[in-house]
Amino acid sequence: FTFHQKPLSIMALILSLVVSTRLISSINAYADLILANQPNQYKNSTIRCNGNGDCKIICSENNSCYKSLIICPRLFQCDIECNAPNSCQLADITCPYGDTCSLTCSNSNSCRQTTINAQYSTQFNLNNCNDGDLTCNGMTIYFPPHIGDKPRATINGGNHLTSLHDEPL
């Protein structure tokens, strides 16, 4: 009878570890989290995900990713948040090859004149361009091509997605 108890306790331990690992990975889904939480932190610099898993980049201070080159990992999801004034203005973003890419722009000038290279991504989502002044003005976006009649890009700009000051949208 004790022979059966040991394997059961080992199985219980293995099950516990599997459940714990899944719980931890669902809480922290990103293998790479890059926080640009200082003004000018990555201004005129390169921000590169490590390429070992999904990546999230948060530019949360004034000019924190201004005019930066942001390079997402190949074959992994990449989510970019530009939450402060001018945080990603004039940035050049290379979305992942073979996975999804999302960009959230939620403050004045946060994504103004930003270039997005998403033509090789499986899906591209642009969110919140209605928060602040000139948030997404002058952007250049290379979208992933349709598959049949199904688009692979979404722009969630609310009712305020518009161009100002004769700049292209």
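A short tour of the structure in this document, coming up. Note that residues are indexed from 1 along each chain, following the sequence as it is written. Two thresholds apply to this predicted model, a pLDDT of at least 70 for residue-level local features and 80 or more for giving and counting side-chain atom pairs, whereas whole-chain, interface and lining totals are computed over all residues. Side-chain measures here rest on the full set of heavy atoms in the structure, leaving out hydrogens and waters.

Section: the pairing of strand β5 (residues 78-82)
Looking along a regular strand, one sees the side chains alternate between the two faces of the sheet.
Thought 1: Think of it in three bands: with a 1.4 Å probe and only protein chains considered, a residue is buried below 20% of the maximum accessible area for its type, exposed above 50%, and partly exposed in between. Numbering of helices and strands starts at the N terminus; helices are DSSP runs of H or I of at least 4 residues and strands are runs of E of at least 2. Counting buried residues in β5 gives four out of five residues, a clear majority hidden from the surface.
Thought 2: A pair of strands is considered paired only if DSSP assigns at least 2 bridges between the two. In this structure, strand β3 (residues 55-59) lies alongside β5, joined through five bridges in parallel fashion. Within β5, the position partnered with Ile-57 by the bridge is Ile-80.

Quick notes on the nonpolar core
Thought 1: Membership of the largest hydrophobic core comes to 29 residues, with the highest contact counts inside it found for Ile-57, Ile-80, Leu-103, Ile-116, Phe-124 and Leu-126.
Thought 2: Elements with a minimum of two residues in this core: β1 (32-36), β3, β5, β7 (100-105) and β9 (123-127).
Thought 3: Excluding residues within four positions of it along the chain, Ile-57 makes contact with Ile-34, Ile-47, Cys-49, Ile-70, Asp-79, Ile-80 and Glu-81. Side-chain atoms within 4.5 Å link the members of a nonpolar core, which is a set of buried Ala, Val, Leu, Ile, Met, Phe, Trp, Tyr and Cys residues. A contact between two residues is defined here by any heavy atoms of the two lying within 4.5 Å.

Thoughts on the side chain of Asn-127
Thought 1: Tracing the sequence through the fold places Asn-127 in strand β9.
Thought 2: A relative accessible area of 19% places Asn-127 in the buried class.
Thought 3: Separated by 2.6 Å, the side chains of Asn-127 and Asn-156 make a polar contact.
Thought 4: Excluding its chain neighbours within four sequence positions, the residues that come into contact with Asn-127 are Ser-102, Leu-103, Thr-104, Cys-105 and Asn-156. Polar contacts, as counted here, are pairs of nitrogen or oxygen atoms within 3.5 Å of one another; within protein the pair requires one atom able to donate a hydrogen and one able to accept it, and residues that are adjacent in sequence qualify only if both atoms are side-chain atoms.

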